Every structure is written in structure tokens, then in C-alpha cells.
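Breakdown of the fold
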Amino acid sequence: NGAATNLKLYNEDGVRTLDKSKANIKFITGEIIVLDENSFIVVRPEKKREEISLFSGAVRASKSRVLTESATIDPKTDKKGNIPDYKTRVKTDKTTIVEVYNGEVDVSALGKTVTLTKGFGTQVKFLSTPSIPKPLPPLPEFNLTAKELNIEKSGLNMKTTGYNFYRDSTDF
């Protein structure tokens, strides 16, 4: 079980998840990002705005900027206060895939930027520019309950770990 909960994380700390595990990371601003299994990130909550370097796996975020070896993903909060919801995934060949579920997100690489809106995605191959945004496939509809599927809470075998950020007093 080796998963720890409520760990304090600081600027430039790394978080890795393994098979069948996830991590929820809560920033000082209240944003919670979700790190998928087999992922590795380095966090920078001390920036003007939270920043995450994603080296492998996937992360779902809303307000944090995500940096990969291929691209910069920059969510946009509009004047109405709508907060984006998007996922960034890095494949083994260093291709970055971005999917937007709500709001707008800019994806930039090699001097080119594409803006993704709700329901669109793009990919950025290593040392390339972002592809033209494409619609995400429709989500499947499920009408079964967990009981009907015979899934209990513990039956998913998924470990979830929570982290919270704290500012180091030397950073002020």
C-alpha cells in the first residue's frame, strides 16, 4: 500500500504515480489537479501562477500552466470567471495530447499557438507545431449503476493520494 496522504509539497518537488494509482494535488489557490497512473510531474506553485512540468503520463487541470518537452499548455479564464477543464497526456515518443472538456486553452510549440475550445483536442509531436484542433469523440452514455455493474468502492483497486502545498518561509 505504500501510498502517503496529505504530504506537504514545495516548489520544484516531483510526484510520481505507479500502476493502478492516482494523486490529487491541491494548490494554495484551491485548484486540485489529478495525476493519472504512471505519471511524473514537477510542480512550481511559487510562480505567479501555478506551473506543472509533465514528463510522463497525464494530468487533468484547470488553471495551472502545463509544460511538456513538446508544448506549453496555457488555460484561459474568461471575464465571466469560467474555469477551463482540460487533460494533458505525454506519450512515450514525447508527443503531447491535449483535450479540452470546458473553457479555452492555448497550446503552443515552436512559435505556433492553437486555441482549443470545449470538445476539441490537438497533438504536438516532438519538435513540431500543434496540429489543427479536432473534435473529441463523443463520450459514451452509461445507464448502469455501480451496483448493476457489481463494482464496489474497494473493487476498483485504485490508490488515490492527496498532497497539499505549503509555502516555505524562506520564499517570502
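What counts, and at which threshold
Residues numbered from 1 in each chain as written. Predicted model: local features only at pLDDT ≥ 70, side-chain atom pairs only at ≥ 80, totals over all residues. Heavy atoms only, no water. Helix = DSSP H or I, 4+ residues; strand = E, 2+ residues; numbered from the N terminus. Buried < 20%, exposed > 50% of the residue type's maximum accessible area, 1.4 Å probe, protein only. Contact = heavy atoms within 4.5 Å. Areas by Shrake-Rupley, 256 points an atom, 1.4 Å probe, with all protein chains shown as cover. Phe/Tyr/Trp six-rings, centres within 6.5 Å; stacked < 30°, edge-to-face > 60°. Lys NZ or Arg CZ within 6 Å of the ring centre and 35° of its normal. Core = buried A, V, L, I, M, F, W, Y, C linked by side-chain atoms within 4.5 Å. Salt bridge = Lys/Arg side-chain N within 4 Å of Asp/Glu carboxyl O.

1. Points about the overall build of the protein
- Along the backbone of the protein there are 0 helices and 15 strands.
- Every one of the 172 residues in the protein was classed for burial, and the buried ones make up 33%.
- The contacts of the protein with a sequence gap of at least 6 include a subset with a gap of at least 24, amounting to 44%.
- For the protein, the exposed area adds up to about 10,800 Å²; of that, 51% sits on carbon and sulfur atoms.

2. Brief notes about the packing of aromatic side chains
- One pass over the structure, following the stated rule, counts 1 aromatic pair.
- Across from the ring centre of Phe126, 4.8 Å away, lies the NZ or CZ of Lys94, which sits over that ring.

3. Focus: the nonpolar core
- Core analysis: the largest hydrophobic core is formed by 26 residues, its most contacted members being Val15, Ile33, Ile41, Val66, Ile73, Tyr86 and Val107.
- For this core, the elements supplying multiple residues, two or more each, are β3 (21-26), β4 (32-35), β5 (40-44), β6 (51-61), β9 (85-90), β10 (96-102), β11 (104-109) and β12 (112-117).
- Looking at this core element by element, the count peaks at 4 residues for β6.
- Those residues in contact with Ile41 that lie beyond four places of it in its chain are Asp13, Gly14, Val15, Ile25, Ile33, Leu35, Ile52, Ser53 and Leu54.

4. As for the pattern of salt bridges
- For the structure shown, the criterion picks out 8 salt bridges.
- Arg60 is paired through a salt bridge with Asp85; the nearest N and O atoms lie 2.6 Å apart. Of this pair, Arg60 sits in strand β6 while Asp85 sits in strand β9, placing them 25 residues apart in sequence.

Function cannot be read off these values alone, since they describe shape.
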